[in-house]
Amino acid sequence: MNYRHKVMIAAALVSAALQSQAVTPLWLRDVKISPDGKEIAFTYRGDIYKVGADGGRAKRLTSQPSYEANPVWSPDGKKIAFASDRNGNFDVFVMDAAGGQAKRLTSNSANEIPEAFSPDGSSVLFSASIQDPVK
């Protein structure tokens with residue numbers, strides 16, 4: 001099974017799990033499958049959730065009044081990086097995949113969005129609109 005098929009199956013499973021909560025999800029976004037294919041992280045209404053790839057009840061990982069999005073799994077599946085606007089603009093945070101306290105990694109006034117972890121999992125690669133002013 002290739003990556004595209006896994007993502008399609010993951011999205012269908014997450015959608016089915018949330019629909020069992022009685023309401024059709026309106027804000028399901030950023031669906032990412034864990035490296036071992038056993039869990040799925042996603043954004044729903046501005047928080048990060050995860051659910052088993054075989055379905056079930058989704059677990060909410062973030063619960064700030066801010067907006068969290070763009071979850072990215074570490075290569076070993078133990079960490080999740082994500083973007084949050086807790087401080088006014090999107091910064092990159094990282095937390096244990098099981099949940100808990102998130103650690104802020106960036107603090108620039110531009111928006112930073114996580115894209116991937118380095119292959120060894122020691123760094124988070126992110127995109128940002130950071131450039132010098134035109135002279």
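Remember, it's a predicted structure, so these values are computed and weren't measured experimentally. (Residues numbered from 1 in each chain as written. Predicted model: local features only at pLDDT ≥ 70, side-chain atom pairs only at ≥ 80, totals over all residues. Heavy atoms only, no water.)

Once that is clear, we can look at the pairing of strand E6 (residues 79-84). Most of E6 sits out of view: 5 of its 6 residues are buried. Here strand E5 (residues 68-73) runs beside E6; their pairing, made up of 4 bridges, is antiparallel. Within E6, the position partnered with Val72 by the bridge is Ala81. Where E5 hands over to E6, the hairpin turn is made up of 5 residues, of which Gly77 adopts a positive phi near 75 degrees. Looking at chain direction, E6 and strand E7 (residues 91-96) are connected through 6 bridges and run antiparallel. What sits directly across from Ala83, in E7, is Val92. Linking E6 to E7, which pair antiparallel, is a turn of 6 residues; within it Gly88 sits at a positive phi near 105 degrees. (Buried < 20%, exposed > 50% of the residue type's maximum accessible area, 1.4 Å probe, protein only. Helix = DSSP H or I, 4+ residues; strand = E, 2+ residues; numbered from the N terminus. Pairing = 2+ DSSP bridges.)

As for its placement among the helices and strands, Lys50 is situated in strand E3 (residues 47-52). In sequence terms Lys50 and Ile40 are 10 residues apart; their C-alpha atoms lie 5.3 Å from each other. Separated by 3.0 Å, the side chains of Lys50 and Glu39 make a polar contact. From its side chain, Lys50 meets the backbone oxygen of Ala97 in a polar contact 2.9 Å long. (Polar contact = N/O pair within 3.5 Å; in protein donor to acceptor, adjacent residues only side chain to side chain.)

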